[in-house]
Amino acid sequence: MNYQQLYEESIRNPEGFWRQQAQRIAWSQAPEQILSRDEEGHYRWFADGLLNMSELCLDIHVAEGRGKQPALIYDSPFTGHRERITYRQLLEQVSAFAAGLRNLGVGYGDTVIIYMPMIPQAVVAMLACARIGAIHSVVFGGFAPHELAMRIDDARPKVIISASYGIEFDKKIPYKILVDAALKEAKHKTDFQIYYRREEGFDSLGGKNELDFEALLRCGSVGPKQVAATHPLYVLYTSGTTGRPKGIVRDTGGYATALHFSMNYFYGMKPGDVFWAASDIGWVVGHSYIVYAPLLFGCTTVIYEGKPVRTPDAGAFWRVIEEYKVNSFFTAPTAIRAIRKDDPEAALKQAYDISSLKQIFLAGERCDPATYEWLGKVTGVPVIDHWWQTESGWPMLGIMTGLEEPHTKAGSAGKPVCGFDVRILSDEGTELEAGKEGNVVVKLPLPPGCLPSLWRNEIRFQKSYLERFPGYYFTGDGGFKDAEGYFSIMGRVDDVINVSGHRLSTGEMEEIVAGHPDVAECAVLGIADELRGQRPIALVVLKDGALCSEQELEAALIELIRSRIGPVAFFKNAAVVNRLPKTRSGKILRKTMRALADGSSFSIPSTIDDPSVLDEIRAVLQRRQLGVAFQPI
Ligand code: COA
Ligand code: AMP
C-alpha cells in the first residue's frame, strides 16, 4: 500500500486499521476491544489488552536472539565516557533495579519522579518502573526546584530517583541540592530519594531515606507485571497557559502500538538499525524516541550527554553519526542553527564519514527554510520536518518515509500521519480553505498513543483541548494547509512559546513577573531569536511610586525567572511601558501584542480602547532593540 491508501484506510476505518497494527506487538492478552469509551466518555484504545512495556522493550528481544546487540550507546563528551550496553545487560539491570524499587514498597500504580541527566541509569529507572507497573514522571534537569516541587505535589511520588549532578559544558549542576530545595518547598513528602553517584565523594547521602542507586541493583530480580493497555506508563508535565504545568498521561498499549507503527512506517527503520534522537529524556522526544520506540523496535539508541556545539566543537554531531553508524538522526532546528552559526560552511563535517545516515528528522519548533536548506545541502540526505506535541506522543504531520519518497517542502511540516485527521478551523469553528491560516485541530478520535487525559485533572483536559472546537482535539497551534495537502505550522496561538525547542509558558512567567512588588501589570511575550527560534521578554507597567530603575527591575526579574523556572527559560529582557493595550472593557489584548512583538501582521482590533498605545509599545521595543523580525543566520 502507498501512503495515500494507508492514510485513507486509517481515517475511514480506525478500528480495523489499529486492530491490525496492534498485532505487531507481543501482548500477553491480545485486545478484543479496539476502541471504546471510558466512564468520562473519552476514547480508549485496546481496553481489554494486557502487556508490559519493559518486556516488549527487553525480554522479547533477548528471547528472539538480540541479547548481544547494543540496546544503548552512551556517549558523554562532557566526561569522555563511552559505553555500549547490550539488550541482555539492560534487561539484567532493569530487572534488578525493578526488584530494588519493589523492596522499597514501590508497586503497581505508584508514581516515581525521575530527575536525572542523560545517563543510562535514567533509562534503567524508566524501564524498571514500567516493569512493575509503577508510573514514572521524568522532570527535565534544566528546571529549577520550584518546577520540580510543583510536579512533586501533583504527581505525589513514593520515591524520587536522581543523580549527583548534571553537566552543562564545564559546569556541574548538583542535583541533590535542587532535589532538597524542591522537597522543602513541596507539600507532598516522598518515602525515599535514590541517587546515582557519578563520582566518589561528590555527595554524601546522609539521611536515612537517601539511598544509593547501585545498592538497589543488589536486590534480586523481577519479571514483568502485566498491566492493562490503559494503565498509565508515565505522566509527563508540559507547559500550559497558566503557572501550573499539565500532567500528560500516556497509556501503555496504545502507545506501544503507535510507536511500533511509527518506527516502521514513519521513520522507515528496521530492527538492528541505529536511531539517534539528540534530545533529552526530560522531553517527550526523549521518552518516545530515545527510550521506548527504538527499544520496542529492536534498534540501538544513542544516549548523548552533550551539545551540538562546543563539545568540543560544531563537528560533535557528525562525530557521533560516524562513530556509531547512525542510520536515522532526529534533532531540533535550534541545534542545527547553532552548528551553522559556529561552522557556516560545515568544514568540520569533512573529517567524518556520515554515509550510514539515511535521513534527518527535525521537530520541536518551526524550522525556518534557511536552516532546512542548509542542512540538506551540507549532508546530502533528505531532511524531514515533522510536527507533534507532548500530548500526541508521536508524529502528527510529516513524511512517512517507510511508505513514500521523502518529497518535502521548505517551511512545511508535511502531510498528516496515518490516524491523524488534521484540519484548519477559523475561530468560529468553520473549516478554512487551502492557504488560509487558522487553528490546527485533529478530528476525534485521536489514534492510539495520544493522551487519554490529564493526570487527576479531567476538567482541565476538557477545557484545554476539547471544549473550544467540539468533536476536535485543539492543538494550540496555528497554521495552514496548501493546495497539495501539505501543512505549515506557524506557531502557538496561546500563551506558550518555544525556546530552543523547549516548550515554556509565558502565562507562568507573567505570574512570576506580576509578583514583583514594583509591577502593576505586565505581559510576557515571545520574540523572534535567531538561534533559539523564540525567547521571552516582559513588558511591564510600574506601580505609582515604584523606585527601581528599568535596569534594576530587569536584573531582578531575570533572577526571579531563573530561580523559579530555571535557566532554560532564557529570559533576558524586561522593558518598562506606560500602559498595555486593552479593550474598552479592560481586557489586555495579548494576541495583538504577540503579533507586535514577533513581527507578524495583524489588524488593530475594533474593541481596542486607544490604538495609540500600540505605537508607544512599538517605540519601546525599537528603543530596546527587541522584537526585530526573525533573521535566519
Ligand atoms: N540542566 C541544567 N541546565 C540546563 C540544561 C539542563 N539539562 N539544559 C540547558 N540548561 C541551561 C544552560 O546551561 C543555560 O544556562 P546558563 O544561562 O547558565 O548558561 C541555559 O539553560 C540556557 O540553555 P540553552 O538555551 O540550551 O543554551 P546553551 O547556550 O546552553 O545551548 C544550544 C544552546 C542551541 C546548543 C542548545 O539550546 C541546544 O542544544 N538546543 C537544542 C535543544 C533540543 O534538542 N531540544 C529538543 C527538544 S525536542
Ligand atoms: P512539545 O510538547 O514540547 O513537544 O512542544 C510542542 C509544540 O512545539 C507544538 O505545539 C508546536 O508549537 C511546536 N512544534 C513542534 N514541532 C514543530 C514543527 N515541526 N513545526 C512547528 N512547530 C513545531
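Residues numbered from 1 in each chain as written. Chains lettered and ligands numbered in written order. Predicted model: local features only at pLDDT ≥ 70, side-chain atom pairs only at ≥ 80, totals over all residues. Heavy atoms only, no water.

A.B. asks: I'd like to hear about the overall build of the protein chain, residue by residue, with values.
C.D. replies: Regarding its fold elements, the protein chain presents 18 helices and 31 strands. Over its C-alpha trace the protein chain gives a radius of gyration of 24 Å, about what one expects of a compact globule, namely 26 Å for 633 residues. With the C-alpha coordinates of the protein chain rotated into their principal frame, the extents come out at 70 × 60 × 60 Å. A buried classification covers 62% of the 633 residues belonging to the protein chain. Partitioning the intrachain contacts of the protein chain with sequence separation of at least 6 by distance along the chain shows that 71% fall at a separation of at least 24. Split by element, the accessible area of the protein chain, about 24,100 Å² in all, is 48% carbon and sulfur. One finds the centroid of the 69 positive side-chain charges in the protein chain at a distance of 2 Å from the centroid of its 77 negative side-chain charges. (Helix = DSSP H or I, 4+ residues; strand = E, 2+ residues; numbered from the N terminus. Rg over C-alpha atoms; globule rule 2.2 N^0.38 Å. Buried < 20%, exposed > 50% of the residue type's maximum accessible area, 1.4 Å probe, protein only. Contact = heavy atoms within 4.5 Å. Areas by Shrake-Rupley, 256 points an atom, 1.4 Å probe, with all protein chains shown as cover. Lys, Arg positive; Asp, Glu negative; His and termini not counted. Charge placed at Lys NZ, Arg CZ, Asp CG, Glu CD.)

A.B. asks: Explain the sheet that holds strand E24 (residues 438-443) to me, using residue names and the numbers behind them.
C.D. replies: Across the sheet, four strands lie side by side as E23-E24-E25-E26; this open sheet has antiparallel pairing. The sheet terminates laterally at strand E23 (422-425) and strand E26 (487-492), the two strands that pair on one side only. Neighbour-to-neighbour, the strand axes of this sheet turn through a mean angle of 50 degrees, independent of strand direction. Two strands pair when backbone bridges link them, and strand E25 (residues 472-481) and E26 are joined in this way by five bridges, in the antiparallel orientation. Across the sheet, Gly479 pairs through a bridge with Ile489, a residue of E26. (Pairing = 2+ DSSP bridges. Axes fitted to C-alpha atoms, helices over the stretch in contact; angles between N-to-C directions.)

A.B. asks: A description of the site of ligand 2 should follow, citing residues and the corresponding values.
C.D. replies: With respect to spatial proximity, 15 residues lie near ligand 2, and among them Asp385, His386, Thr390, Asp477 and Arg503 are the closest. One nitrogen or oxygen atom from the main chain of Arg366 is found 3.4 Å from a nitrogen atom belonging to ligand 2. Within the contact set of ligand 2, a nitrogen atom lies 2.8 Å away from a side-chain nitrogen or oxygen of Asp385. Within the complex, 94% of the 500 Å² of free accessible area of ligand 2 lies under protein. Per-class residue counts for the shell around ligand 2 are four nonpolar, five polar and six charged. (Near = heavy atom within 4 Å. Polar contact = N/O pair within 3.5 Å; in protein donor to acceptor, adjacent residues only side chain to side chain. Nonpolar A, V, L, I, M, F, W, Y, C, P; charged D, E, K, R; others polar.)

A.B. asks: With reference to specific residues and values, describe the packing of aromatic side chains.
C.D. replies: Considering all chains together, one arrives at 39 aromatic pairs under this definition. For the ring pair Phe17 and Trp18, a centre distance of 4.9 Å and an interplane angle of 80 degrees mean the geometry is edge-to-face. The class for Phe17 is buried, based on a relative accessible area of 2%. Judged by relative accessible area, Trp18 falls into the buried class, the value being 0%. A ring pair is formed by Tyr267 and Phe361, whose centres lie 4.7 Å apart and whose planes are at 75 degrees; its orientation type is edge-to-face. Highlighted residues: Tyr267 in the loop between helix H9 (253-266) and strand E16 (274-277) and Phe361 in strand E19 (residues 359-362), separated in sequence by 94 residues. Overall, Phe361 belongs to the buried group, its relative accessible area being 0%. Through a chain of ring-to-ring contacts, three or more aromatic side chains come together here, namely Phe266, Tyr267, Phe275, Tyr289, Phe330, Phe361 and Trp388. Above the plane of the ring of Tyr43 lies Arg37, whose end atom (NZ or CZ) is 4.0 Å from the centre. (Phe/Tyr/Trp six-rings, centres within 6.5 Å; stacked < 30°, edge-to-face > 60°. Lys NZ or Arg CZ within 6 Å of the ring centre and 35° of its normal.)

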